[in-house]
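Here are the chains, one letter per residue:
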Amino acid sequence: LVGGRLDYVTGRPVAALVYQRQKHTINVFVWPASGGTPVVLERAVRGFHVRHWIRDGMAYWAVSDLNDVELTDFVRALQTA
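A brief report on the enclosed structure follows. The structure displayed is predicted, hence computed values, not measured ones.

The rules behind the values
Residues numbered from 1 in each chain as written. Predicted model: local features only at pLDDT ≥ 70, side-chain atom pairs only at ≥ 80, totals over all residues. Heavy atoms only, no water. Core = buried A, V, L, I, M, F, W, Y, C linked by side-chain atoms within 4.5 Å. Buried < 20%, exposed > 50% of the residue type's maximum accessible area, 1.4 Å probe, protein only. Helix = DSSP H or I, 4+ residues; strand = E, 2+ residues; numbered from the N terminus. Contact = heavy atoms within 4.5 Å. Phe/Tyr/Trp six-rings, centres within 6.5 Å; stacked < 30°, edge-to-face > 60°. Salt bridge = Lys/Arg side-chain N within 4 Å of Asp/Glu carboxyl O.

## What about the nonpolar core?
Line of reasoning, step 1. Grouped together as the largest cluster of nonpolar side chains are ten residues: Y19, I26, V28, V30, W53, A62, L66, L71, F74 and V75.
Line of reasoning, step 2. Listed by contribution, the elements that provide at least two residues to this core are strand 3 (24-32) and helix 1 (68-80).
Line of reasoning, step 3. When near neighbours in sequence (up to four residues on either side) are disregarded, V30 contacts V14, A15, L17, M58, A59 and Y60.
Line of reasoning, step 4. If you look at the next biggest cluster of nonpolar residues, it comprises six residues, including V14, A16, W31 and A59.

## Quick look at the packing of aromatic side chains
Line of reasoning, step 1. Scanning the entire structure with this criterion turns up two aromatic pairs.
Line of reasoning, step 2. Where W53 meets Y60, the ring centres are 5.1 Å apart and the plane angle is 0 degrees; that geometry is what we call stacked.

## Quick look at the pattern of salt bridges
Line of reasoning, step 1. Within this structure, the stated rule accounts for four salt bridges.
Line of reasoning, step 2. In this structure, the salt-bridge partner of E70 is R21, at a minimum N-O distance of 2.6 Å. Taken together, the positions of E70 in helix 1 and R21 in strand 2 (residues 12-21) put the pair 49 residues apart, joining distant regions of the chain.
Line of reasoning, step 3. Using a relative accessible area of 39% as the deciding quantity, one classes R21 as partly exposed.
Line of reasoning, step 4. The shortest N-O distance in the salt bridge between R55 and D56 comes to 3.6 Å.

Right, dumping it as structure tokens:
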């Protein structure tokens, strides 16, 4: 963890936690979930890898240019922390 900030996603304030792995930044956006099931979403958008999951009433979105395998490992470690 190298920092954090308040950010806005679709007009709503969200916590943005900033992690770093080597020279790659990983942004993890967190806000209260509005229902839904705790699914894991994996996708790539414009060269960035995205992971989404819901846990304990909170929605998490991890976004990074880190390679797919390392981002998956990071997310797994974060989910078990």
